Amino acid sequence: MAAEKVYRASTTAPVNIAVVKYWGKRDPKLNLPTNSSLSVTLSQADLRTLTTASCSASYSAAEGDSLILNGEPSDVAGARTQACFRELRTRRAALEAADPSLPKLSTMPVHLVSENNFPTAAGLASSAAGFAALVRAIANLYELPASPSELSKIARQGSGSACRSLFGGYVAWRMGSEADGSDSLADQVAEAAHWPDMRALVLVVSAAKKGVSSTSGMQQTVATSGLFQERISKVVPQNMDLMEKAIKERDFPAFAEVTMRDSNSFHATCADTYPPIFYMNDVSKAAIRAVEAINAAAGRTVAAYTFDAGPNAVIYYLEKDTEAVVGTIHNVLGDIDGWKPAAIEGLKSTVS
Ligand code: 2P0
C-alpha cells in the first residue's frame, strides 16, 4: 500500500502590544469584547510564533488533533482551541463539498508544532501570536480563501488579543455589535511603513507567571467595577478616535499621551475591581517615573509607557530619540533591585 500523503503548511505570527486596551467581555464564549482596542505589531525578527500544521489519513484518529508547543505536548481539548479547529474544519468541509476532487483534509487529524523565538522567561503574553499562528497555519493547510479580517474572527475565539496579530503595523479590533460576533474583527489602521521610525522597548520587570489571568481578571472587573462603565462608555471610545488620528498624522506626543492615559485607565479599573487586582509593582512604577523624567528632561514627549496584565513595561519612542530614552532608562533603572536589563530591547514595532 502506498504511504498516505502528509499535507503541510507553516506560518509565523507576531506579538502585538495594545495602546488602547481590551479589557472585558460581553460574551465570554465567543470572546466578544466590551470595547474596541488598538495595538502596535512588534517585529517578527524579535518576537514571533512559528507554527507548522499538518494532516494525513495516516495520523491516528484515536489520538486525534495534537499540539507540540516549544517541544512539549500541549492540550488542545480546551474550548477555545476547539472553537478554532471547528471553525476552520467547517470552512474546509464547505470547500470539499463544493469541489469533490479536493482531498478530504477536514476529516483528518491535525498535528501542530509551534515555537516561540522569544524566551518564555520574557514574561510576554504569547497567546496572541500563538492563536494567530495556529489559525493561519491551518487556514493555509486547508487553502481557505479567507482574508486576514475573516481569520481574525476565528483567532479571536482562541484569545481576544490574537485577532490583532493577523496584521502588521497599527491594528484596530472593532468590538462590533452582532450577537454572533460576525462584526467583531480586526483591521489595519496603518501599515508599518506609514510610521517606520516607531520603536518599542520591552522591560522585563518579572518573568513570573501573573497572579490573575486576563480571562478571569477581566470578568471580575466587568462584574464589580463602577469605574469600568465610565471606561467602556466614554474613555475608550474617545481614546480610539484620538489614537487613530495620532497614528494617521504621525503625531508622537498625541500617540504617547493616549497610550499612557489608556494604560493608566485600564490599571485604575483593575484597582477598582473588588477585590482589587494589581498588575504593576514598585519596579513598574519606577519605570513610569523614569519615563516622566525623560520627557521632562527633553522638554517634549519622547517616550510613552504601557503595561498589560503584568508588571513588564513596554516603552514606545521614535528612533531619533533612542539615546535619550533607552540610555536614560538603563541609567535610572539599572540600579533598582528587581529590574533586569531587558531580555529583549530596542524592538522595532513593525513587521515585514
Ligand atoms: C490587550 N490584554 O488589549 C489587553 C491589555 C491584557 C491587558 O488582551 O481571555 O489574553 O484570551 O480573550 O487576549 C489579554 O487578554 O484574553 C489582553 P482572552 P487575552 O492586549
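So, how was this worked out
One numbering rule holds for all chains: residues counted from 1, following each sequence as written. Thresholds applied to this predicted model are a pLDDT of at least 70 for local features of residues and 80 or more for the giving and counting of side-chain atom pairs; totals over whole chains, interfaces and linings are not thresholded and use all residues. Strands here are runs of E lasting at least two residues and helices are runs of H or I lasting at least four, both read from the DSSP assignment and numbered beginning at the N terminus. Radius of gyration: over C-alpha atoms. The globule rule applied is 2.2 Å multiplied by the number of residues raised to the 0.38 power. Remark: C-beta atoms are placed from the backbone, and a residue is labelled buried if 20 or more other C-beta atoms sit within 10 Å of its own, exposed if 12 or fewer do, or partly exposed between those counts. In this description, any two residues whose backbone-derived C-beta atoms lie within 7 Å of each other are considered to be in contact. All residues are tested the same way: a C-beta atom is placed from the backbone, and lying within 6 Å of a molecule or strand makes the residue near it. Asp, Glu, Lys and Arg are counted as charged, while Ala, Val, Leu, Ile, Met, Phe, Trp, Tyr, Cys and Pro are counted as nonpolar; the rest, among them Gly, fall into the polar class. As annotated, the domain borders come from an automatic or database domain assignment. Criterion used throughout: strands pair if DSSP finds at least two bridges between them. Note on geometry: axes are C-alpha line fits, over the in-contact stretch for helices, and angles between N-to-C directions span 0 to 180 degrees. The cut-offs work like this: below 35 degrees is roughly parallel, past 145 is roughly antiparallel, 65 to 115 is roughly perpendicular, and the gaps in between are oblique. Only buried Ala, Val, Leu, Ile, Met, Phe, Trp, Tyr and Cys residues enter a nonpolar core, and they are joined through C-beta atoms within 7 Å.

Side note on the overall build of the protein
Reasoning step 1: Of the regular secondary structure elements, the protein holds eight helices and 15 strands.
Reasoning step 2: In terms of overall size, the protein behaves like a compact globule, its C-alpha atoms giving a radius of gyration of 21 Å where 352 residues would be expected to give roughly 20 Å.
Reasoning step 3: Referenced to the eigenvectors of the C-alpha coordinate spread, the extents of the protein come out at roughly 75 × 40 × 35 Å.
Reasoning step 4: The 352 residues of the protein split such that 45% are buried.
Reasoning step 5: Restricting to contacts in the protein with at least 6 residues of sequence separation, those with at least 24 account for 74%.

Looking at the site of the ligand
Reasoning step 1: The local shell around the ligand holds 15 residues, among which Ala-18, Tyr-22, Ser-159, Gly-160 and Ser-161 are the closest.
Reasoning step 2: Its residues assigned to classes, the shell around the ligand comprises five nonpolar, eight polar and two charged.
Reasoning step 3: Two domains share the shell around the ligand, each providing at least three of its residues, namely domain 1 (6-191) and domain 2 (198-348).

Observations concerning the sheet that holds strand 2 (residues 16-20)
Reasoning step 1: Pairing is antiparallel across the open sheet formed by four strands, whose spatial order is 2-5-10-11. Strands with a single pairing partner mark the edges of an open sheet, and in this sheet they are strand 2 and strand 11 (185-190). Across this sheet, the average inter-strand angle for adjacent strands is 35°, counted without regard to direction.
Reasoning step 2: Pairing between strand 5 (residues 37-41) and strand 10 (residues 170-174): four bridges, direction antiparallel. Residue Ser-39 lies in a different strand from strand 10, and its bridge partner there is Val-171.
Reasoning step 3: Against the sheet, helix 5 (residues 227-248) contacts strand 2, strand 5, strand 10 and strand 11, and its axis sits at roughly 115° relative to strand 2.

Some words on the packing of helix 1 (residues 79-98) against helix 3 (residues 148-158)
Reasoning step 1: For the pair helix 1 and helix 3, interaxial distance at closest approach is 7 Å and the crossing angle is 155°. When the axes of helix 1 and helix 3 are compared, the pair comes out roughly antiparallel. Contacts between helix 1 and helix 3 involve Arg-80, Thr-81, Ala-83, Cys-84, Glu-87 and Leu-88 on the former and, on the latter, Ile-154, Gln-157 and Gly-158.
Reasoning step 2: Class assignment of the residues belonging to the contact of helix 1 with helix 3 gives a composition of four nonpolar, three polar and two charged.

Remarks on the domain arrangement of the protein
Reasoning step 1: Taken domain by domain, the protein comprises domain 1 (6-191) and domain 2 (198-348).
Reasoning step 2: Centre-to-centre, using C-alpha coordinates, domain 1 lies 26 Å away from domain 2.
Reasoning step 3: At the junction of the two partners, domain 1 supplies 27 residues and domain 2 supplies 33 residues.
Reasoning step 4: Elements represented by at least two residues in the side of domain 1 that touches domain 2 include exactly strand 2, strand 5 and strand 11.
Reasoning step 5: For the side of domain 1 that touches domain 2, the leading source of residues is strand 2, giving three residues.
Reasoning step 6: Among the residues making up the side of domain 1 that touches domain 2, the classes are represented as 18 nonpolar, six polar and three charged.

Description of the nonpolar core
Reasoning step 1: Judged by nonpolar contacts, the single largest core of 90 residues is most densely connected at Ala-132, Val-135, Ile-138 and Ile-315.
Reasoning step 2: The dominant element in this core, judged by the number of residues it contributes, is helix 2 (residues 127-141), at 11 residues.
Reasoning step 3: Taken together, domain 1 (6-191) and domain 2 (198-348) each give at least three residues to this core, which thus spans both.
Reasoning step 4: Sequence-distant contacts of Val-135, that is, excluding residues within four places in its chain, are made with Cys-84, Leu-88, Leu-151, Ile-154, Ala-155 and Gly-158.

Observations concerning the pairing of strand 2
Reasoning step 1: Burial within strand 2 is extensive, with five of its five residues counted as buried.
Reasoning step 2: The sheet contact formed by strand 2 and strand 5 spans four bridges and is antiparallel. Residue Asn-16 lies in a different strand from strand 5, and its bridge partner there is Thr-41.

Quick word on the sheet that holds strand 7 (residues 66-69)
Reasoning step 1: Sheet architecture is open: five strands sit in the order 1-6-9-7-8, paired in mixed fashion. A strand with exactly one partner marks an edge of an open sheet, and here the two such strands are strand 1 (6-14) and strand 8 (72-74). On average, each strand axis in the sheet is inclined to that of its neighbour by 20°, with strand direction left out of account.
Reasoning step 2: Here strand 7 pairs with strand 9 (residues 110-116) via four bridges, running parallel. Looking at strand 9, one finds that Leu-69 is bridged to Ser-114.
Reasoning step 3: Across the sheet, helix 2 lies against strand 1, strand 6 (48-56) and strand 9, angled at about 145° from strand 1, the strand it touches most.

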